[in-house]
Amino acid sequence: MKRSIQPGNPVFVAARHQRGWHSQQRLADAFEQRAAECGFRIAVSVRQVRRWESAEPPWPSSDYQTVLESLFGLPLTMLGFSHRSARAGSRTRLPVHR
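Residues numbered from 1 in each chain as written. Predicted model: local features only at pLDDT ≥ 70, side-chain atom pairs only at ≥ 80, totals over all residues. Heavy atoms only, no water.

1. Some remarks on the environment of Ala28
For the record, the criterion: Helix numbering and strand numbering both begin at the N terminus, where a helix is a DSSP run of H or I of at least 4 residues and a strand a DSSP run of E of at least 2. Between buried and exposed lies partly exposed: a residue is buried under 20% and exposed over 50% of the maximum accessible area for its type, with that area taken using a 1.4 Å probe on protein chains only.
The topology assignment puts Ala28 in helix H2 (residues 24–37). What makes Ala28 buried here is its relative accessible area of 2%. In the structure, Ala28 is positioned 20 residues away from Gln48 in sequence and 8.6 Å away in space, judged by C-alpha atoms.

2. Describing the packing of aromatic side chains
Counted only if it meets this: Note on ring pairs: Phe, Tyr and Trp rings are taken, using the six-membered ring of Trp, and paired if centres are within 6.5 Å. Classes follow the plane angle, with under 30 degrees stacked, over 60 edge-to-face and the rest tilted.
What the rule picks out here adds up to 8 aromatic pairs. Between Phe12 and Phe72, the ring centres sit 5.3 Å apart and the planes meet at 50°, which makes this aromatic pair tilted. With Phe12 in helix H1 (residues 10–18) and Phe72 in helix H4 (residues 62–72), the pair connects residues that are 60 residues apart, well separated along the chain. Residue class for Phe12 comes out buried when judged on its relative accessible area of 0%. Residue class for Phe72 comes out buried when judged on its relative accessible area of 3%. Taken together, a centroid distance of 5.6 Å and an interplanar angle of 85° make the contact between Phe12 and Phe81 edge-to-face. Highlighted residues: Phe12 in helix H1 and Phe81 in the loop between H4 and helix H5 (83–89), separated in sequence by 69 residues. Each of the two residues, Phe12 as well as Phe81, counts as buried. Among the aromatic side chains, those forming a connected cluster through ring pairs are Phe12, Trp21, Phe31, Trp52, Trp59, Tyr64, Phe72 and Phe81.

Structural data, given as structure tokens:
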């Protein structure tokens, strides 16, 4: 029996597949190309794509947000990202006492 794996962010995964990027590496390559077209010298790894496809994807920084929205033609909120994840990632970290 074939096992079905449900992605954590099915909206983002579906948007990737709709554009013909059937692998995370294809999206990473397309991201890098679009970033260059937008004047940014940034790239993403397959690992970062996996994070964006997780159940609570981290909110991308400003440059990455610009490239993603340009690449998909949609705002991040319509790609399964929420500002809640942005706030969670910006929590103040307590110092570690050793």
